[in-house]
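# A look at the structure
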Amino acid sequence: MTRSDLSAPRESDLPGWLAVARTGRCNGHAVLRAVERFGDVGGVFEAGERELAGLGFTRAAIAGIRAIDWNAVHREREFLARTAAVIVPIGTSRYPARLAGISNPPPVLYCRGDPEVLDSHQIAMVGARAATRGGRGRARVLAGELAACGLVVTSGLARGIDAAAHRGALDANGRSVAVVATGLDRIYPRSNTALAQELGETGAVVTERACGTPPLPANFPRRNRLISGLSLGVIVVEASLRSGSLITARLAADEGREVFAVPGSVDNPLSRGCHALIRDGAKLVESVADVLDEIVYPSGLVTPRATPRPVGSDDSGTAAGHLDAPQQGVLDAVGHDPVTLDQLVDSTRMPASRLAAVLLTLEIDGWIEALPGSRYVRVSGRR
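## Brief notes about helix α2 (residues 14–23)
Among the ten residues in α2, eight count as buried, and that is most of the element. If you check which residues of α2 are buried, you get Leu14, Gly16, Trp17, Leu18, Ala19, Val20, Ala21 and Thr23. Those residues of α2 hidden inside the fold are in contact with α3 (28–38), α5 (59–66), α6 (70–83), β1 (86–89) and β2 (108–113).

Given below as structure tokens:
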């Protein structure tokens, strides 16, 4: 039997797999045991509660099985046919082996794009939604470097670091996987709809959630186990001490994945989560080589195509020499740690009105970023 024969469920089994997925409660391992016991997934809906419990189904999962809306299953089947999206049931050859090995894998993945990419060598990158410009720049450059080495960059399609990671991989003509917490018909946030379309054309958008599932807060932490489960390791770029990114990092560590963190300024609250991870044993990332050396080169997964650059370097930046003398002087005074307007007045000896005008020009041109409290910081990636 060829790989294509094994890669998709039989047409007669499709309603059963869609129904299992719609419960949102079934552990993939339990479903796989049931399929092995009954011969097909349809047996799950014919078995008694005691038999299902003996196979590892929880009470919530059994209740979900008993309450299936078969009309919704039929509509979902029509949606898949209409949009060319596919499902990837556990136990089929397209189901990613790395994800199948976690403690609670989803029984079914919904995929728009290339399902083969789900079993590729992936590196996850996550971080703050309200990321700084510098953080987004670091994520974008780092993702591009990883993609240039042949790795797939996986993230959650959120604003901020997630979107920057996806974009960086695409800019490098690489592939990226977006793991979402909604149905494939409910891309969230809507502002990333065009990005999701691009990812579906070159990589994949994947979810465990049935069509029609809205962006429910409870589903995002559960989604994070898929991000870490698909990946060789997780890189965190900017995160507060209480964030979903740290949940993803903890899940990665629990499943034996590598955890990486990009450090930042001690004055940036979004650096605290990364610094906490580093104190707890995460690998500090100053350059792409820190990631590659840890999990890629020793296993021979990829061959580097170029010398890795420090995180934050970006060839798209204009040389600092193109600035005039006052602009260059102010830029040198700003540095990479946040500095206040009063501190800049003292260090540059420039009148406040003139300094404000120069700062505005540097901000518009992308050299610096204005922070709350009249503070300024250089943007990583501009030299």
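Picking up after the structure, the text goes on.
## Regarding the sheet that holds strand β10 (residues 339–340)
Read across the sheet, three strands follow the order β10-β12-β11 without closing on themselves; strand pairing throughout is antiparallel. Strands with a single pairing partner mark the edges of an open sheet, and in this sheet they are β10 and β11 (368–371). Relative to strand β12 (residues 375–378), β10 runs antiparallel, the two being bridged by two bridges. In the strand pairing of β12, Thr340 is matched with Arg375.

## Observations regarding the environment of Glu49
One can find Glu49 in helix α4 (residues 49–54). Residues Glu49 and Arg59, spaced ten residues apart in sequence, show a C-alpha to C-alpha distance of 8.6 Å. If near-sequence neighbours (up to four positions away) are discounted, Glu49 is found in contact with Ile62 and Arg66.

## Some thoughts on the pattern of salt bridges
Inspection of the entire model under this criterion finds ten salt bridges. Among the ionic pairs, Arg167 bridges to Glu198, the shortest N-O distance being 2.8 Å. Residue Arg167 is found in helix α9 (residues 161–171), and its partner Glu198 is found in helix α10 (residues 193–202); the two are separated by 31 residues along the sequence. Given the relative accessible area of 32%, Glu198 is considered partly exposed. The shortest N-O distance in the salt bridge between Arg209 and Glu208 comes to 3.9 Å.

## Things to note about unusual backbone geometry
Residue Pro189 is bonded to the preceding Tyr188 through a cis peptide linkage, with omega at -5°. Mapped onto the elements of the fold, Pro189 is located in the loop between β5 (176–179) and α10. A positive phi angle is found at Leu157, which is not glycine, with a value near 65°. Note on placement: Leu157 falls in the loop between β4 (152–155) and α9.

Conventions adopted
Residues numbered from 1 in each chain as written. Predicted model: local features only at pLDDT ≥ 70, side-chain atom pairs only at ≥ 80, totals over all residues. Heavy atoms only, no water. Buried < 20%, exposed > 50% of the residue type's maximum accessible area, 1.4 Å probe, protein only. Helix = DSSP H or I, 4+ residues; strand = E, 2+ residues; numbered from the N terminus. Contact = heavy atoms within 4.5 Å. Pairing = 2+ DSSP bridges. Salt bridge = Lys/Arg side-chain N within 4 Å of Asp/Glu carboxyl O.

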